[in-house]
Amino acid sequence: MSRTPSTRQQERIAYRRGRAVRSVLLAAASTAVVGTVLTVGITGAPGWERVKESFFDPETAVEYLPEILQGLWLNVKLLVICATLAMVLGLLIAVLRTLRGPVFFPVRAMATTYTYSLRGLPLIIVIYLFAFGIPGLRLQGTPDVLWLGAAAITVTYGAYLAEVFRAGIESVHPSQIAAARSLGLSYRQAMRHVVLPQAVRRVAPPLLNDTVALQKDVGLISLAGPVDAIRAAQIGVAQSADFTPYVVAGVLFVLLALPLIAVTDWVTLRAARRQNAGS
Amino acid sequence: MLLAIDKVRKVFGDHVILDDLSLDVAEHEVVALIGASGSGKSTLLRCVNLLTEVDDGTIHLDGEEITDPRADPDLVRRRIGLVFQSYNLFPHMTVLENIMLAPVRVHRRSSDQARAQAMQWLDRVGLAEKAGAYPDRLSGGQQQRAAIVRALVNSPRLLLLDEVTSALDPELVGEVLTMIRELKSDGMTMVLATHEMGFAKQVADRVAFLDGGRVLEQGPPEQVLGDPVEPRTRQFLARIIEAGRL
Ligand SMILES: Nc1ncnc2c1ncn2[C@@H]1O[C@H](COP(=O)(O)OP(=O)(O)OP(=O)(O)O)[C@@H](O)[C@H]1O
Ligand SMILES: [Mg+2]
């Protein structure tokens, strides 16, 4: 049996409940006001009729939806492949940068140069260089433009993720490595079983954030030619002389990103909570 | 001699921490290192465990020189257990996983075998029901006992303990001391750095006072702690008594 709270506590509970009801009512009222103002403002604008026709035309939307969806499937596949490879590449580069000793100097220098230059280089330029530069060499067995574009995205994001992983590795206190080594674990074993698991856990939120950014940026592959959602929309726009296909593609990208963003938020919240719990 | 430290020197910058320090430890012997903060106790233990490289001198373990640059440090460390003041358990592993890590990864035992051995130890030190818990759910004393077990499952020839009680509340110190006393009666060879003179008196066969980078005075606890020869030792002990730690 739960005991009856004191009158003071009952007062407190009643007061808090009153405040909560008030907050909900206030939020509802202000949302209604803002919504009305926006609707009236936009639909009342002099150019609204034209904009509605050329950006939000339902017929055009329905007509090009199948092609755009088909293109989006390519974006999804690219996202999965590029995200996986970029994580592996980033982790590898981050680990290479931690190696000490003169033997590893060239490896370290190369890894550092890579992260510095690729983070500064706009992704569009990397895609152009890969997709149009490499075939220009006329080498035997040059892969398809699609794969070259994917490679461009992977190496660019690999550089970002390498920095994220490195921050994670450096955040693990040296005493953890000392403890692992004192048990007889080799440097590699200490990295693999003690440092990296802790590092990856700590940087999970920024890692997922970069994946959300990556999921948008895979659309840039359309610049190299492959028909993804954006390219399909572009074709639709050219054919129908109407911008609606872009809006359709945009909405689809947002829908695609929502689950990933939700997961990111959840992981970030959980990490913050754990930090506050002091572990 | 199980451990022979001979004229070991360690310099950080232009700070001489260990200055031709020599110390021998016989099998089954327990030696307590005492000395002011910064006198080099931790540094000496880290040198023995090869976590820090000596700048001169030699260290022999079972007659084999471990400071030889050709010796494999990983192999040496398997024979020496080291427990830190701050436990340093791995926070992403349960207590059991912490303890099983080295037996499985380093000694290549089967995980069934490693688990059985780990549980036997945990049982013995009263931590069996904490096997599946993560370190942050344990009290300081429980964490420290788990850390000692983690070093013990490697069956080390020598156990190094660096101020294993100084991060603990006084009520928790007792359970760790009991465990160390039991290890002593098992015949474990130990070198322990400590600020607790009472602890040194109870478990050590010999107390070594570090000062100016050397072992200034050593002998049975009653003599070194009760009737020291060197004026520096007297001064140190006087300060400790003032601080109420004897
Ligand atoms: N990696 C390092 N680099 C530079 N100086 C160091 C390093 N490690 C230790 N020192 C210095 O060496 C000296 C001895 O340190 P050490 O930790 O061995 O002392 P200690 O006797 O264990 O002290 P305490 O009782 O406070 O634990 C200190 O002055 C410390 O600042
Ligand atoms: Mg110390």
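Residues numbered from 1 in each chain as written. Chains lettered and ligands numbered in written order. Predicted model: local features only at pLDDT ≥ 70, side-chain atom pairs only at ≥ 80, totals over all residues. Heavy atoms only, no water.

Here we look at the overall build of chain B
Right, so step 1: Helix and strand counts for chain B stand at 9 helices and 10 strands.
Right, so step 2: For chain B, whose C-alpha radius of gyration is 18 Å, the value lies close to the compact-globule estimate of 18 Å for 246 residues.
Right, so step 3: Taken over the C-alpha atoms alone, chain B extends approximately 55 × 45 × 35 Å along its principal axes.
Right, so step 4: Here chain B holds 246 residues, and the buried ones make up 55% of them. (Helix = DSSP H or I, 4+ residues; strand = E, 2+ residues; numbered from the N terminus. Rg over C-alpha atoms; globule rule 2.2 N^0.38 Å. Buried < 20%, exposed > 50% of the residue type's maximum accessible area, 1.4 Å probe, protein only.)

What about the interface of chain B and chain A?
Right, so step 1: Taken together, the contact pairs 24 residues of chain B with 18 residues of chain A.
Right, so step 2: If you sort the residues of chain B by the area they bury against chain A, Phe90, His92 and Arg105 of chain B come out on top, with a joint share of 30%.
Right, so step 3: If you look at where chain B meets chain A, you find 1 salt bridge.
Right, so step 4: Along the contact surface separating chain B from chain A lie 8 residue pairs in polar contact (both at pLDDT 80 or more).
Right, so step 5: Sorting the residues of the side of chain B that touches chain A by element identifies α2 (73–78), β6 (80–83), α3 (95–105) and α5 (140–152) of chain B as the ones contributing at least two each.
Right, so step 6: Looking at the side of chain B that touches chain A residue by residue, the classes come out as 12 nonpolar, 4 polar and 8 charged. (Contact = heavy atoms within 4.5 Å. Buried area = accessible area lost by both parts, 1.4 Å probe. Salt bridge = Lys/Arg side-chain N within 4 Å of Asp/Glu carboxyl O. Polar contact = N/O pair within 3.5 Å; in protein donor to acceptor, adjacent residues only side chain to side chain. Nonpolar A, V, L, I, M, F, W, Y, C, P; charged D, E, K, R; others polar.)

Some details on the UniProt feature "domain: ABC transporter" (unreviewed entry) in chain B
Right, so step 1: Using the residue numbers shown here, the UniProt feature "domain: ABC transporter" (unreviewed entry) corresponds to residues 3–237 of chain B.
Right, so step 2: Here residues 3–237 of chain B runs as 37% helix and 26% strand, with 27 Å between its end C-alpha atoms. (UniProt positions renumbered as here; feature names shortened; annotations may be inferred.)

Considering the pattern of salt bridges
Two side chains with opposite charge may pair up if their charged atoms get near one another.
Residue and element names in this part refer to chain A.
Right, so step 1: This structure, assessed with the given rule, holds 21 salt bridges over all chains.
Right, so step 2: Put simply, Glu11 and Arg8 hold a salt bridge, and the shortest N to O gap is 3.0 Å. Highlighted residues: Glu11 and Arg8, both in helix α1 (residues 7–43), separated by 3 residues, approximately one helical turn.
Right, so step 3: Exposure remark for Arg8: the relative accessible area of 49% places this residue in the partly exposed category.
Right, so step 4: As a salt-bridge pair, Glu163 and Arg119 come within 3.9 Å of each other at their nearest N and O atoms. Within this pair, whereas Glu163 is found in helix α6 (residues 145–171), its partner Arg119 is found in helix α4 (residues 105–120), the two being separated by 44 residues in sequence.
Right, so step 5: With relative accessibility at 32%, the residue Arg119 sits in the partly exposed group.
Right, so step 6: When salt bridges with common partners are traced through the structure, they connect Arg97, Arg119, Glu163, Arg166 and Glu170 into a single cluster.

Focus on the pairing of β6 of chain B
Two faces, one strand: in a regular strand the side chains alternate between the faces of the sheet.
All names here are of chain B.
Right, so step 1: Covered by surrounding structure in β6 are Ile80 and Leu82 together with Gly81 and Val83, the residues of both alternating faces.
Right, so step 2: As paired strands, β6 and strand β7 (residues 158–162) are joined by 4 bridges and run parallel to one another. Residue Gly81 lies in a different strand from β7, and its bridge partner there is Leu159. (Pairing = 2+ DSSP bridges.)

Brief notes about the site of ligand 1
Residue and element names in this part refer to chain B.
Right, so step 1: Lining the immediate environment of ligand 1, one finds Phe12, Ile17, Ala36, Ser37, Gly38, Ser39, Gly40, Lys41, Ser42, Thr43, Glu163 and His195.
Right, so step 2: The backbone of Gly38 places a nitrogen or oxygen atom 2.8 Å from an oxygen atom of ligand 1.
Right, so step 3: With 3 residues, the top contributor of residues to the shell around ligand 1 is helix α1 (residues 41–48). (Near = heavy atom within 4 Å.)

Focus: α1 of chain B
All names here are of chain B.
Right, so step 1: Counting buried positions along α1 yields 6 of 8 residues, so the element is predominantly enclosed.
Right, so step 2: Inspection of α1 places Lys41, Thr43, Leu44, Leu45, Cys47 and Val48 among the buried residues, and these make up the whole buried set.
Right, so step 3: Leu50 lies just past α1 and shows a positive phi near 60°.

Things to note about α3 of chain B
Right, so step 1: The buried fraction of α3 of chain B amounts to 9 of the 11 residues, a majority that puts the element mostly inside the structure.
Right, so step 2: Regarding α3 of chain B, the residues found buried are Val95, Leu96, Asn98, Ile99, Met100, Leu101, Ala102, Pro103 and Val104 of chain B.
Right, so step 3: As for α3 of chain B, its buried residues are in contact with α8 (187–202) of chain A together with α4 (111–124) and α5 of chain B.

Things to note about the nonpolar core
Residues and elements named next belong to chain B.
Right, so step 1: In terms of nonpolar packing, the biggest core is built from 53 residues, with Ile148, Leu159, Leu161 and Ile180 touching the most fellow members.
Right, so step 2: At 7 residues, the largest contribution of residues to this core is made by helix α6 (residues 170–185).
Right, so step 3: Looking at this core, you find at least three residues from each of domain 1 (3–79 + 157–242) and domain 2 (90–155).
Right, so step 4: When sequence neighbours within four positions are dropped, the list of residues in contact with Leu161 reads Leu45, Val83, Ile148, Ile180, Met190, Val191, Leu192 and Ala193. (Core = buried A, V, L, I, M, F, W, Y, C linked by side-chain atoms within 4.5 Å. Domains from an automatic or database assignment.)

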